[in-house]
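# Structural overview
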Amino acid sequence: MDQRYRLTCRPVADQRAVVQGPDYRITVLADGLLRLEWSADGQFADQASAFAINRELPVPDFQVIDEGPHLEVLTERLHLVYDRGPFSTSGLSVQVRGGVSSWHSVWRYGESPNGGDGNLGGTARTLDMVDGRLPVEPGVLSRNGFAVIDDSRTLLLDADGWVRPRTGSALDLYFFGYGRDYPAALRALYALSGPQPLLPRWALGNWWSRYHRYSAGEYRTLLDRFAAEGIPFAVAVLDMDWHLVDVDPRYGSGWTGYTWNRELFEDPPAFLRELHERGLMVTLNDHPADGVRAYEEAYPAMAKALGIDPATERPIAFDVTDPEFLVAYFDILHRQLEEQGVDFWWLDWQQGLHSRVAGIDPLWMLNHFHFLDSARNGRRPLTFSRYAGPGSHRYPIGFSGDTITTWASLDFQPEFTATAANIGYGWWSHDIGGHMGGVKDDELATRWVQLGVFSPINRLHSVLSPFTSKEPWQFGREAERAMTAALRLRHRLLPYLHAMNHRAAHAGVPLATPMYYSHPDAEEAYRARNQYAFGSQLIVAPITTPADRQLLLGSVTGWLPPGSWVDVFTELVYDGDREMRLHRGLDGIPVLATAGAIVPLDAAEVPGNTAGDNPAALEVLVVVGDDGSFDLVEDDGVGPGDEPARWVRTPIRFGQADGVLQVGPAEGNTGCLPARRDWTLTFLACQVAGEPAVTVDGTPVAAEVSRAGRRTSVRVADVPVTAAVRVSVGERPRLAANDVADRLFALVHRAQLSYDVKTRLYAAATADAPLATRLSQLQALRLGPDLEAAVFELLLARPD
């Protein structure tokens, strides 16, 4: 295989980490990670596998006790006992030391291979045709402290870049035993299996996708309307009708195709060039299963490359097990389209796990080789395809398949997205709004878009139908406003998202992670299945059930960890360390930031299609009450993104004691930034008294101070990126008291209640009486559980 198809690997472990006998081999890869092999013929695999590519890891401290009938290996985290025979339940065990009870933390070969009922799950190949929940494959995290990945049957990668299936009955297991130190288990996974790659910045913007027979003119009109509405996009996804689909039946179906439909796109290169000029990157749908038929423009060149006489019109079968086909597949079939302006491919493989060679999964092959091929010429690699098992995190972005348009499907997606982090898979893209089936429901569509904004990838999509498209103006006015605001917010979030993209690639922390990552001993964290950390600064609790028809509000049961929390939309302040019902109108969902949180945004209220650019104006949201720290990491967009020389880091620090926020100076590759920037520094739920003191590199400067609602914003214009901005808002600033009476009035006013109940409710809630008295009076009104929960949320968010 060409050099471009050779994955960089370090597959051979340091021999100092190996404990070996005639037919077994134990490799201590880390203090909580063991490779356990048994082979009747004493032959072991030292090639990289589809899962494990880096076994040359720093050798941890460990002890070997080789006395009597059993071999023992001890690390700081693990205690292995082995009888040196074929692996058996009585002969091989590993105990996780410390942090988990011994009753649950001992693994025996053949029992509880993935931590038993304690395994916290990983992800699944697809959500195709799933209405609601589905079982997920195991991850490497378990409440019992251990999990095992069986790598015995995965592909091996030869040094020349090609693959081969394993033969024989040898066992090859990876034991992860990190107790409830979940981040450490995930770091070990990435060390062994490779890190998540850095995505291009533009991939984090909005994607427009629709299964529809667009023409170039219709697509141009659509983009004009999006621009007029101020709705930004970063990626144009063209589903299968870009190519010929109505073909002569003698060639089969038109599901697979590589020839533009020129009735719809008269000049494809000009069309793609225009999309680029509008700030959009382009991906085309590819169903490759039917190979290449004689009607395709690329057929003669493909046939010649594969030794077929084009005059015979012999079909060229799709065969990922043939390296000659695979090279021609890229260099002829796809390259001619890429040269016209296609940026990456949507690989829509739906034909199962089997190929012409037993043990070779076509989906894994497509993901692996497409991703490597996309890195040619120094590009930042990217593909878009379904999940193909452990190790698939190396090939982002994931396409979760054809989603059913129901509340049940929406309700499962937050959990499904966050849980995928447990197998390292951090970049799922769902059919936001639902793909097929279901009913027209403005509320459902809006809640799905709001989830998409706070998902790894936000790609709107719909099935081939005139009724299911997801343009915001296809919905009622309230839904349209909420969707438009959400899509604008996604592009405003790009500075934060791209910094988290760097964190995912270089620190091994996916963008969306379950709550138990940071709170492994809190039962509430495991119950909050649809709530997740979104980067380092935010917690998101999407609303995934219909609104209460009396309250006209959606709600979700959330868990607030210890501390103070501010909703970044409503600026309602909460005391933490409790579960509570959170209520929101159609204009938002609970997005919470704790004291000390710092969230950088694009300052543009109506961003354009500039998702690939580092902005010249930023807004920084700050929650006072504790010290805060954030590094805004940006880069020049060149190459794979693993070269620190191409990064630039702008430190942002807040000190609670002195009330000083400092931004900058930027450090590193400042040439990829605008020379000067405008900074708007916004203190949420904090009315700063007096005029903040502002300096740039120690020199006092004038600043524009504005106070809107409960927030204070300080705008400092035209600051060199190499300078430091300091804003002082006074010592020990405090979060503002909640405006409970005003919020209660708005809640009661919108509720569909009798006017008598409204009057009595509001009077009882706002009475000049102790809180306990007011709560008792409200309970006596028998408001019903939903209305009572909404009122209690406001009264108890931060009780006096």
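Scroll up for the structure.
Since the structure is predicted, the reported quantities are computational estimates derived from the model, not experimental observations. Here the residue numbering is sequential within each chain, running from 1 through the sequence in written order. Where local features are concerned, this predicted model is filtered to residues with pLDDT of at least 70; where side-chain atom pairs are given and counted, the filter is 80 or more; whole-chain, interface and lining totals use all residues. With hydrogens and water excluded, all non-hydrogen atoms of the structure serve as input to the side-chain values.

## Here's the deal with the sheet that holds strand β6 (residues 70-74)
Where strands meet in a sheet, backbone hydrogen bonds hold them as pairs that are either parallel or antiparallel. For clarity, the cut-off: In short, DSSP must find at least two bridges between two strands for them to pair. For the purposes of this entry, the term helix denotes a DSSP run of H or I that reaches at least four residues, the term strand denotes a run of E that reaches at least two, and both are numbered from the N terminus. Inter-axis angles, ranging from 0 to 180 degrees, are taken between N-to-C directions of lines fitted to C-alpha atoms, where helices are fitted over the stretch in contact.
If you walk across this open sheet you meet the five strands as β5-β6-β7-β8-β9, and the pairing is antiparallel. Two strands lie at the open edges of the sheet, namely β5 (63-67) and β9 (106-108), each paired on one side alone. Looking at each pair of strands side by side, their axes are set apart by 15° on average, direction ignored. With three bridges connecting them, strand β8 (residues 92-96) and β9 associate as antiparallel partners. Following the sheet pairing, S93 is matched in β9 by R108.

## What about a negative patch on the surface?
Where we set the bar: Here, patches come from residues exposed beyond 30% relative accessible area and free of salt bridges, joined within 9 Å for like charges and within 5 Å for nonpolar side chains (Val, Leu, Ile, Met, Phe, Trp, Tyr). Surface accessibility in these figures is a Shrake-Rupley result with a 1.4 Å probe; residues are shielded only by whichever protein chains are displayed. Salt-bridge detection follows one rule: a side-chain nitrogen of Lys or Arg within 4 Å of a carboxyl oxygen of Asp or Glu. A positive count includes Lys and Arg, and a negative count includes Asp and Glu. His and the chain ends are not counted in either. Note that the charge is assigned to NZ on lysines, CZ on arginines, CG on aspartates and CD on glutamates. Classification of residues uses two cut-offs on accessible area relative to the type maximum, computed with a 1.4 Å probe and protein chains only: under 20% is buried, over 50% is exposed, and between them is partly exposed.
Together, D626, D627, D658 and E731 make up a region of like negative charge exposed at the surface. A residue is classified by how much of its surface remains accessible, and D626, at 41% relative accessible area, is partly exposed.

## Notes on the packing of aromatic side chains
For clarity, the cut-off: Only Phe, Tyr and Trp rings take part, Trp by its six-membered ring, and two of them pair if their centres are within 6.5 Å. Stacked means planes under 30 degrees apart, edge-to-face means over 60, and tilted covers everything else. Cation placement over rings: the criterion is NZ of Lys or CZ of Arg within 6 Å of the ring centroid and within 35° of the ring normal.
Here the structure, examined in full by the defined rule, presents 47 aromatic pairs. Between the aromatic rings of W208 and F226, the centroid separation amounts to 5.1 Å while the plane-to-plane angle is 65°, which identifies the pairing as edge-to-face. With a gap of 18 residues between them, W208 in strand β14 (residues 206-210) and F226 in helix α2 (residues 216-229) connect regions that are remote in the sequence. Neither residue differs from the other here; W208 and F226 are each classed as buried. Aromatic ring contacts, followed pair by pair, group Y5, W162, F318, F325, Y329, F330, W349 and F369 into a single cluster. In this structure, R143 packs its charged tip against the face of Y526, placed 3.6 Å from the ring centre. The ring of W473 is capped by R225, whose NZ or CZ atom sits 4.1 Å from the centre of that ring.

## Side note on the nonpolar core
Threshold: Note on terminology: a nonpolar core comprises buried Ala, Val, Leu, Ile, Met, Phe, Trp, Tyr and Cys residues joined through side-chain atoms within 4.5 Å. In this description, contact between two residues means that some pair of their heavy atoms is separated by no more than 4.5 Å.
Of all hydrophobic cores here, the largest spans 227 residues; its most connected members are F176, Y329, F454 and L778. With eight residues, the single largest contributor to this core is helix α1 (residues 182-193). Excluding residues that lie within four positions of it along the chain, L778 makes contacts with L761, A764, A765, L783, E788, V791, F792 and L795.

## Overview of the packing of helix α13 (residues 755-765) against helix α14 (residues 771-780)
In plain terms, the rule: Should an angle fall under 35 degrees it is called roughly parallel, over 145 degrees roughly antiparallel, and 65 to 115 degrees roughly perpendicular, with every other angle called oblique. Crossing handedness is read from the near helix: turned anticlockwise from the far helix by less than a right angle, it gives a left-handed crossing, and turned clockwise, a right-handed one. For this classification, Asp, Glu, Lys and Arg are treated as charged, while Ala, Val, Leu, Ile, Met, Phe, Trp, Tyr, Cys and Pro are nonpolar and the rest, including Gly, are polar.
Their axes nearest at 8 Å, the elements α13 and α14 cross at an angle of 160°. Here α13 is positioned roughly antiparallel relative to α14, judged by the angle of their axes. α14 is crossed by α13, and the crossing has left-handed handedness. Of α14, the residues touching α13 (which contributes L761, A764 and A765) are R774, Q777 and L778. Partitioning the contact of α13 with α14 into residue classes produces four nonpolar, one polar and one charged.

## Remarks on the side chain of D319
Counting through the fold element by element, D319 comes out in the loop between α4 (299-305) and α5 (323-338). Leaving out residues up to four positions away in the same chain, D319 has contacts with F325 and R356.

## Examining α13
Definition in use: Each direction from the helix axis to a C-beta atom contributes to the arc, which is the arc of those directions.
Within α13 the residues assigned to the buried category are K758, L761, A764 and A765. Projected down its long axis, α13 carries its buried residues within an arc of 140°, all on one side. Away from its buried face, by an angle of more than 90 degrees, α13 presents the exposed residues Y755 and T759.

## Section: the environment of S392
Heads up, the rule is: Polar contacts here mean pairs of N or O atoms no more than 3.5 Å apart (in protein, one a potential hydrogen donor and the other a potential acceptor; neighbouring residues in sequence count only if both atoms are side-chain atoms).
Residue placement: S392 occurs in the loop between β18 (384-385) and β19 (398-399). Taking the C-alpha atoms as reference points, S392 and W448, 56 residues apart in sequence, are found 26 Å from one another. Those residues in contact with S392, other than ones at most four positions away along the chain, are Y387 and Y425. Of note is the side chain of S392, whose polar atom sits 2.6 Å from the backbone oxygen of G389.

## Considering the packing of α2 against helix α3 (residues 268-277)
In a packed pair of helices, the relevant descriptors are the angle between the two axes and the axis-to-axis distance. Contact geometry of α2 with α3 gives a least axis separation of 11 Å together with a crossing angle of 10°. In terms of orientation, α2 lies roughly parallel with respect to α3. Only F271, E274 and L275 of α3 make contact with α2, whose side of the interface consists of A216, Y219, R220 and L223. Partitioned by chemical class, the residues of the contact of α2 with α3 number five nonpolar, no polar and two charged.

## Concerning helix α7 (residues 407-419)
One turn of an α-helix holds 3.6 residues; hence residues three or four places apart share an orientation. To keep it simple, the criterion reads: Given the number of residues in a helix, its expected span is that number minus one, multiplied by 1.5 Å.
End to end, α7 covers 19 Å across 13 residues, agreeing with the expected 18 Å (1.5 Å per residue, within 8%). Counting buried positions over the 13 residues of α7 gives 12, a clear majority of the element. Those residues of α7 lying buried are W407, S409, L410, D411, F412, Q413, P414, E415, F416, T417, A418 and T419. Summarising the contacts, the buried residues of α7 are in contact with β20 (428-429), α8 (442-453), β22 (512-514) and β23 (532-534).

## A short note on the sheet that holds strand β29 (residues 591-594)
If you walk across this open sheet you meet the six strands as β22-β23-β24-β29-β26-β27, and the pairing is antiparallel. Strands at the two margins of the open sheet, each flanked by one partner only, are β22 and β27 (573-575). For this sheet, the mean inter-axis angle between neighbouring strands, taken without regard to orientation, is 35°.

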